[in-house]
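So you can see what is in the structure, the chains are spelled out below.
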Amino acid sequence: QVQLVESGGGLVQPGGSLRLSCAASGSIFSIGTMGWYRQAPGKQRELVAGITSGGSTNYADSVKGRFTISRDNAKNTVYLQMASLKPEDTAVYYCNANIWINPRWDTYYWGQGTQVTVSS
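This section reports on the structure supplied with the text. Note that this is a predicted model, so its numbers are computed, not measured. (Residues numbered from 1 in each chain as written. Predicted model: local features only at pLDDT ≥ 70, side-chain atom pairs only at ≥ 80, totals over all residues. Heavy atoms only, no water.)

Considering the packing of aromatic side chains
For clarity, the cut-off: Pairs were defined over the aromatic rings of Phe, Tyr and Trp, the Trp ring being its six-membered one, requiring ring centres within 6.5 Å. Orientation was assigned from the angle between planes: stacked under 30 degrees, edge-to-face over 60, tilted for the rest. For the purposes of this entry, the term helix denotes a DSSP run of H or I that reaches at least four residues, the term strand denotes a run of E that reaches at least two, and both are numbered from the N terminus. Each residue's exposure class comes from its accessible area (1.4 Å probe, protein chains only) as a fraction of the maximum for that residue type: buried when under 20%, exposed when over 50%, partly exposed otherwise. A ring is considered to have a charge above it if a Lys NZ or an Arg CZ atom is located within 6 Å of its centre and within 35 degrees of its normal.
On inspection of all chains with the given rule, the structure shows two aromatic pairs. Ring plane angle 90° and centroid distance 6.5 Å describe the contact between Y94 and W110, whose orientation is recorded as edge-to-face. Placement of Y94 in strand β9 (residues 91–100) and of W110 in strand β10 (residues 106–110) is noted, with a sequence separation of 16 residues between them. On the accessibility criterion, Y94 (15% relative accessible area) is buried. In textbook terms, an aromatic cluster arises when at least three aromatic residues are bridged by ring pairs, as seen for Y37, Y94 and W110. Positioned over the ring face of Y94 is R45, at 3.8 Å from the centre of the ring. The residue whose ring lies beneath R45 is W110, and the NZ or CZ to ring-centre distance is 4.8 Å.

Interpretation in functional terms is not warranted from these geometric data alone.
Here it is, written out as structure tokens:
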């Protein structure tokens, strides 16, 4: 089995910071692109940030300059450092990863989701 387990969500005041982590475990040969998505009530799930195995990144326009995605390949973990948080960042955040369980078989996996609430 392969699992993505998220942590780090919670309640934070506007202007505050929060760091999300997502660790992959199980029968893993390698991990390709990893990313963070979020979904607010009544909204579509949207890509927040993505990072390739080589470290190339991309961000949604709404979070550029405030959020930073990174990864630790030795730990099979992806992070999302969030700063200058706004109420509109409130959503359930999901991590996603393209994982090979052998050199020829790969599957996309999702984390369980973690709630981020930005409110005073």
